[in-house]
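Listed below are the residues making up each chain.
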Amino acid sequence: MVKSKLRTVRGTLLVPDPIRRTLAKQDDVVIDIDADGTIRSIDDADAHPSVPPTWPGTVILPGFVDTHIHFPQTRILGSASGPLLDWLQEAVFPEEARFAELRYARSVAAQFCEAMLRQGTTSAGIFSSSHPGATDELFVALDDWGLRAQAGLTLMNRGAPADVLLATEPALEAAEALIARWHGHDRDRLRFCVTPRFALSCDHALMRGAADLAERHGLFVQTHLSENDEELRQTAAAFPDHADYLAVYEDYGFVGKRSIFAHCIHLSDSEWQRMAQARAGVAHCPDSNFFLGSGCMPLARALGHGARVGLGTDMGAGRTFSLQRVASAAYDATLVRGEAVSDGETVTPESLLWLATRGGAVALGFGDRVGCLAPGYEADLVAIDVPEDLPDDRLYDALLFRHDTAAVRATVVRGRLCWSREAPATGP
Ligand code: GUN
Ligand code: FE
């Protein structure tokens with residue numbers, strides 16, 4: 001764990017527009033960071049002749065935002081036993097059962113946090129297991145490693161082996177205790193998030209209790225939506241009175257500007273319209289979708305509807321902690337669908353980098369403080385190697401598609417160096 005405080009950073013920046021899906025390059029500037037980790041100013045480096053380049057040969061972006069990831073799947077990453085429901089039974093539930101043991105949870109939590117920081121992730125939306133103790137260990141590790149996150153106890157009281165289920169009452173009591181201990185911790189760096197696994201894993205009482213928690217504490221809700229054909233079939237059978245999958249979540253008041261839904265592959269036009277109208281977030285997880293054979297979310301169509309989209313690794317169905325790889329997979333997914341252009345929206349490497357940074361920050365509700373580099377935003381940064389002599393018009397391509405060379409050099413959250421391949425030059 002590194003965690004030295006940086007007060008100045010010099011380098012070339014890629015700065016996302018707060019609203020439009022574009023980035024602007026600022027060559028050789030100095031970011032001045034205050035003691036709280038907030039950006040005070042960004043000036044031309046000429047004005048600071050004594051500050052050396054912090055990470056020469058890199059470009060600096062706001063840290064990546066992973067809008068959807070599963071802490072207790074760290075050790076089963078790459079278990080090829082899809083499709084979704086088979087994979088949950090064979091690979092996921094047996095592993096998640098191990099998180100009943102605190103020592104195990106503690107050691108995986110450290111690996112999990114380091115793996116995110118190593119790939120330049122500074123903020124994440126995280127599913128824990130259904131174990132309160134493991135979830136507390138996750139928060140402890142997030143706090144220690146300096147990450148920004150919203151994380152939740154995974155709520156599930158049916159549809160899985162008993163050792164990963166938690167009944168409604170103890171689950172809601174544990175959630176209250178975790179909220180009291182962690183929600184808003186360290187000037188709101190950590191937040192508790194209400195996390196029903198998906199409709200099939202929660203009965204009516206648990207869904208109602210989850211909705212009540214979210215309402216009373218003003219919390220975000222995260223869950224899975226419309227990922228896999230068989231999941232859709234079983235959900236329709238379990239909720240015969242609902243017009244579609246989204247309607248199940250709407251019924252509990254889960255669909256609003258404080259909610260984020262992973263996958264959204266098979267939504268109808270009506271569901272997309274309602275998602276956009278409600279300002280709900282979408283965690284687009286294309287690498288996971290390829291690995292489980294779930295399908296390809298229509299990204300351009302989603303953006304055309306005005307949906308708030310971020311990118312998610314969905315690790316362990318996703319095979320990587322790297323948002324660069326996920327952005328690359330998102331590009332592939334639009335080509336596979338033949339929908340790189342739809343409704344006047346074009347999916348480009350530049351717009352995907354925006355989704356991986358600013359888009360994710362907005363979708364997770366951190367948009368007022370991160371996902372952009374300007375005075376007043378907190379200094380969450382990632383420095384990434386760029387090949388020498390790269391023409392400017394190939395920069396986005398290189399960051400997304402040159403998997404062997406565009407490596408993360410350093411990761412900073414709120415001005416703290418949380419991970420680095422080497423010690424930075426800090427200057428006088
Ligand atoms: N749906 C319900 N649980 C899960 C999970 O752990 N991963 C994915 N990808 N989909 C899910
Ligand atoms: Fe998931």
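To continue, consider empty space enclosed by the protein. Taken as a whole and assessed by the stated rule, the structure comprises one cavity of 30 Å³ or more. When residues of the lining of the largest cavity are assigned to their parent elements, the largest contribution, three residues, is made by helix 1 (residues 84–97).

Let us now look at the coordination of the iron ion (ligand 2). For the iron ion (ligand 2), the protein coordination sphere consists of His68 (NE2), His70 (NE2), His224 (NE2) and Asp314 (OD), at 2.0 to 2.2 Å. Coordination of the iron ion (ligand 2) draws on donor residues from a single chain, spaced H-x1-H-x153-H-x89-D in sequence. You can see His224 sitting in strand 12 (residues 221–225) and its partner Asp314 sitting in the loop between strand 15 (308–311) and helix 12 (323–337), a full 90 residues away along the chain.

Moving on: the site of ligand 1. Around ligand 1, the neighbouring residues are His70, Gln73, Leu84, Trp87, Leu88, Arg197, Phe198, His224, Glu227, His263, Asp314 and Ala317. The contact in question runs from an oxygen atom of ligand 1 to an N or O atom on the side chain of Arg197, over 2.7 Å. The separation between a nitrogen atom of ligand 1 and a polar side-chain atom of Glu227 is 2.7 Å. Within the complex, 100% of the 280 Å² of free accessible area of ligand 1 lies under protein.

On to the layout of surface pockets. Of the voids in this model, the largest pocket is the one considered here, and its volume is about 260 Å³. If you go around the largest pocket, you meet 15 residues; those closest to its centre are Ile19, Arg279, Arg308, Trp354 and Val362. If you list the elements that add at least two residues to the lining of the largest pocket, you get strand 15 and helix 13 (349–363). Taken together, the residues of the lining of the largest pocket sort by class into nine nonpolar, two polar and four charged.

We now examine the packing of helix 12 against helix 13. At a closest axis distance of 10 Å, the pairing of helix 12 and helix 13 adopts a crossing angle of 135°. Here helix 12 lies oblique to helix 13, going by the angle between them. Crossing handedness for the pair helix 12 and helix 13: right-handed. Along the contact surface, helix 12 presents Leu323, Ala327, Ala330 and Tyr331, while helix 13 presents Pro349, Leu352 and Ala356. Here the residues of the contact of helix 12 with helix 13 are counted per class, giving seven nonpolar, no polar and no charged.

Okay, the sheet that holds strand 3 (residues 23–33) next. Two pairing modes exist for strands in a sheet, parallel and antiparallel, and in both the strands are linked by backbone hydrogen bonds. Reading across the sheet, the eight strands line up as 1-20-19-18-5-2-3-4 and stay open at both edges, with mixed pairing between neighbours. Unpaired on one side and paired on the other, strand 1 (4–5) and strand 4 (39–44) mark the two borders of the sheet. Pairing analysis gives five bridges linking strand 3 to strand 4, with the strands arranged antiparallel. Paired with Ile31 across the bridge in strand 4 is Ile42.

A separate point is helix 12. Across its 15 residues, helix 12 extends 21 Å between first and last C-alpha, which sits within 8% of the 21 Å expected from 1.5 Å per residue. Those residues of helix 12 lying buried are Leu323, Gln324, Val326, Ala327, Ser328, Ala329, Ala330, Ala333 and Thr334. Where helix 12 begins, one side-chain oxygen reaches toward the backbone nitrogen of Gln324, 3.2 Å away; that side chain belongs to Ser322. Gly338 sits one or two residues past helix 12 and shows a positive phi near 70°.

Moving on, we get to the pairing of strand 20 (residues 416–420). By the criterion of burial, strand 20 is predominantly enclosed, with four of the five residues buried. Two strands pair when backbone bridges link them, and strand 1 and strand 20 are joined in this way by two bridges, in the antiparallel orientation. The partner of Lys5 across the bridge, within strand 20, is Arg416. Judged from the four bridges that link them, strand 19 (residues 408–413) and strand 20 form a sheet pairing that is antiparallel. Within strand 20, the residue paired with Thr411 across the bridge is Trp419. From the end of strand 19 to the start of strand 20, which pair antiparallel, there are two residues, and Arg414 there has a positive phi angle of about 50°.

Further remarks concern the nonpolar core. Formed by 117 residues in total, the largest nonpolar core has its most connected members in Phe112, Ile126, Leu142, Tyr249 and Met275. Sort the elements by how many residues they give to this core and helix 2 (residues 102–118) lands first, with nine residues. Residues contacting Phe112, with those up to four places away along its chain left out, are Ile69, His70, Phe71, Thr74, Ile126, Leu138, Met315 and Phe321. One finds Val9, Val15, Ile39 and Ile60 within the second-largest nonpolar core, a separate group that totals 20 residues.

On to the side chain of Thr313. Counting through the fold element by element, Thr313 comes out in the loop between strand 15 and helix 12. A relative accessible area of 0% places Thr313 in the buried class. A polar contact of 2.6 Å, which involves the side chain of Thr313, links it to the side chain of Asp66. Setting aside its immediate chain neighbours within four residues, Thr313 contacts Asp66, His68, Ile69, Ser288, Gly318, Thr320, Phe321, Ser322, Leu323 and Val326.

This part is about the sheet that holds strand 10 (residues 190–192). Read across the sheet, four strands follow the order 6-7-8-10 without closing on themselves; strand pairing throughout is parallel. With one partner strand each, in any of the chains shown, strand 6 (64–70) and strand 10 form the two edges of the open sheet. On average, each strand axis in the sheet is tilted by 15° relative to the strand beside it, whichever way the strands run. Sheet analysis places strand 8 (residues 148–152) next to strand 10, joined by three bridges and oriented parallel. Bridging across to strand 10, Ala149 finds its partner in Leu190.

Procedures and definitions
- Residues numbered from 1 in each chain as written.
- Chains lettered and ligands numbered in written order.
- Predicted model: local features only at pLDDT ≥ 70, side-chain atom pairs only at ≥ 80, totals over all residues.
- Heavy atoms only, no water.
- 1 Å grid on protein atoms, 1.4 Å probe; cavity = no way out; pocket = protein on both sides within 12 Å on 5 of 7 lines; lining within 4 Å.
- Points joined across faces, edges and corners; volume = space filled by probe spheres on them.
- Helix = DSSP H or I, 4+ residues; strand = E, 2+ residues; numbered from the N terminus.
- Donors = N, O, S within 2.8 Å, 3.2 Å for Na, K, Ca; no water.
- Near = heavy atom within 4 Å.
- Polar contact = N/O pair within 3.5 Å; in protein donor to acceptor, adjacent residues only side chain to side chain.
- Areas by Shrake-Rupley, 256 points an atom, 1.4 Å probe, with all protein chains shown as cover.
- Nonpolar A, V, L, I, M, F, W, Y, C, P; charged D, E, K, R; others polar.
- Axes fitted to C-alpha atoms, helices over the stretch in contact; angles between N-to-C directions.
- Parallel < 35°, antiparallel > 145°, perpendicular 65-115°, else oblique.
- Left-handed = near helix turned anticlockwise from the far one by under 90°.
- Contact = heavy atoms within 4.5 Å.
- Pairing = 2+ DSSP bridges.
- Expected span 1.5 Å × (residues − 1).
- Buried < 20%, exposed > 50% of the residue type's maximum accessible area, 1.4 Å probe, protein only.
- Core = buried A, V, L, I, M, F, W, Y, C linked by side-chain atoms within 4.5 Å.

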